[in-house]
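Given next are the chains, with one letter for each unit.
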Amino acid sequence: MSNSPFDFRAQSTTEALPHMVEVVARAFLLAINVRPDTASQVRAIRGIANSKRIKPVNGLKSRFGVNRPEDLFVGDASRFIDELKAGSQDPDP
């Protein structure tokens, strides 16, 4: 029996399905060159927002359709950081 993350023979379909979906989703995102944001980007978003006393979730939901900085893709995170630095986000307390 293989220890490969792609070997689902040892699991029932119900047990293997969530993992198979994750593997396929990650492969798809890599194929289209879309990567999740980095930990450094998340720290930057939170740090800039804290220093400007704004909530980053205000702009995240309206601009990118996500609720947390961790849910952004790397390109979107980069754009959001630039917007925060430029002060173009709504400064709701």
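No experiment lies behind these values; they were computed from the predicted model shown. (Residues numbered from 1 in each chain as written. Predicted model: local features only at pLDDT ≥ 70, side-chain atom pairs only at ≥ 80, totals over all residues. Heavy atoms only, no water.)

Q: I tried to follow the packing of aromatic side chains on my own but got confused; where do I start?
A: The geometry of an aromatic ring pair comes down to the distance between the two centres and the angle between the two planes. Tallying each qualifying case throughout the model produces 1 aromatic pair. Relative to Phe 80, the ring of Phe 64 has its centre 5.8 Å away and its plane inclined at 90 degrees; by these criteria the two rings are edge-to-face. One end of the pair, Phe 64, is in helix 3 (residues 56-64); the other, Phe 80, is in helix 4 (residues 74-86), with 16 residues separating them in the sequence. Take Phe 64 and Phe 80: they sit in the same class, and that class is buried. (Phe/Tyr/Trp six-rings, centres within 6.5 Å; stacked < 30°, edge-to-face > 60°. Helix = DSSP H or I, 4+ residues; strand = E, 2+ residues; numbered from the N terminus. Buried < 20%, exposed > 50% of the residue type's maximum accessible area, 1.4 Å probe, protein only.)

Q: Mind showing me how you'd approach the pattern of salt bridges here?
A: Charged atoms that come close allow side chains of opposite charge to pair. For the structure shown, the criterion picks out 4 salt bridges. The partner of Glu 83 in a salt bridge is Arg 63, with the nearest N and O atoms 2.4 Å apart. Taken as a pair, Glu 83 in helix 4 and Arg 63 in helix 3 lie far apart in primary sequence, 20 residues in all. A residue is classified by how much of its surface remains accessible, and Glu 83, at 15% relative accessible area, is buried. Relative accessible area serves as the criterion here: at 42%, Arg 63 is assigned to the partly exposed category. In this structure, the salt-bridge partner of Arg 68 is Asp 71, at a minimum N-O distance of 3.0 Å. Owing to a relative accessible area of 36%, Asp 71 belongs among the partly exposed residues under this scheme. (Salt bridge = Lys/Arg side-chain N within 4 Å of Asp/Glu carboxyl O.)

Q: Whenever I open this one, helix 4 confuses me. Can you help?
A: Residues lying three or four places apart along an α-helix face the same way, a consequence of the helix completing one turn every 3.6 residues. Taking 1.5 Å of rise per residue, 13 residues should cover 18 Å, and helix 4 covers 19 Å from first to last C-alpha, within 8% of that figure. Among the residues of helix 4, Asp 76, Ala 77, Phe 80, Ile 81, Glu 83 and Leu 84 are the ones counted as buried. The buried residues of helix 4 all sit within an arc of 165 degrees when viewed along its axis, so they share a single face. Residues of helix 4 that are exposed and angled more than 90 degrees away from the buried face: Lys 85 and Ala 86. The inward-facing, buried residues of helix 4 abut helix 2 (39-51) and helix 3. Among the residues trailing helix 4, Gly 87 stands out with phi positive, at a value near 80 degrees. (Expected span 1.5 Å × (residues − 1). Arc of directions from axis to C-beta. Contact = heavy atoms within 4.5 Å.)

Q: Before we go on, may I ask you to explain the environment of Lys 85 in this structure?
A: By secondary structure assignment, the location of Lys 85 is in helix 4. For Lys 85 and Ala 49, which are 36 residues apart along the polypeptide, the C-alpha to C-alpha distance reads 8.8 Å.

Q: Sorry if this is basic, but what is going on with the packing of helix 3 against helix 4 here?
A: To describe two helices that pack against each other, one gives the angle between their axes and the distance between the axes. Interaxial distance between helix 3 and helix 4 falls to 12 Å at its minimum, and their mutual angle equals 130 degrees. With respect to helix 4, the axis of helix 3 lies oblique. Crossing handedness for the pair helix 3 and helix 4: right-handed. Within the contact between the two elements, helix 3 uses Pro 56, Gly 59, Leu 60, Arg 63 and Phe 64 and helix 4 uses Asp 76, Phe 80 and Glu 83. Looking at the contact of helix 3 with helix 4 residue by residue, the classes come out as 4 nonpolar, 1 polar and 3 charged. (Axes fitted to C-alpha atoms, helices over the stretch in contact; angles between N-to-C directions. Parallel < 35°, antiparallel > 145°, perpendicular 65-115°, else oblique. Left-handed = near helix turned anticlockwise from the far one by under 90°. Nonpolar A, V, L, I, M, F, W, Y, C, P; charged D, E, K, R; others polar.)

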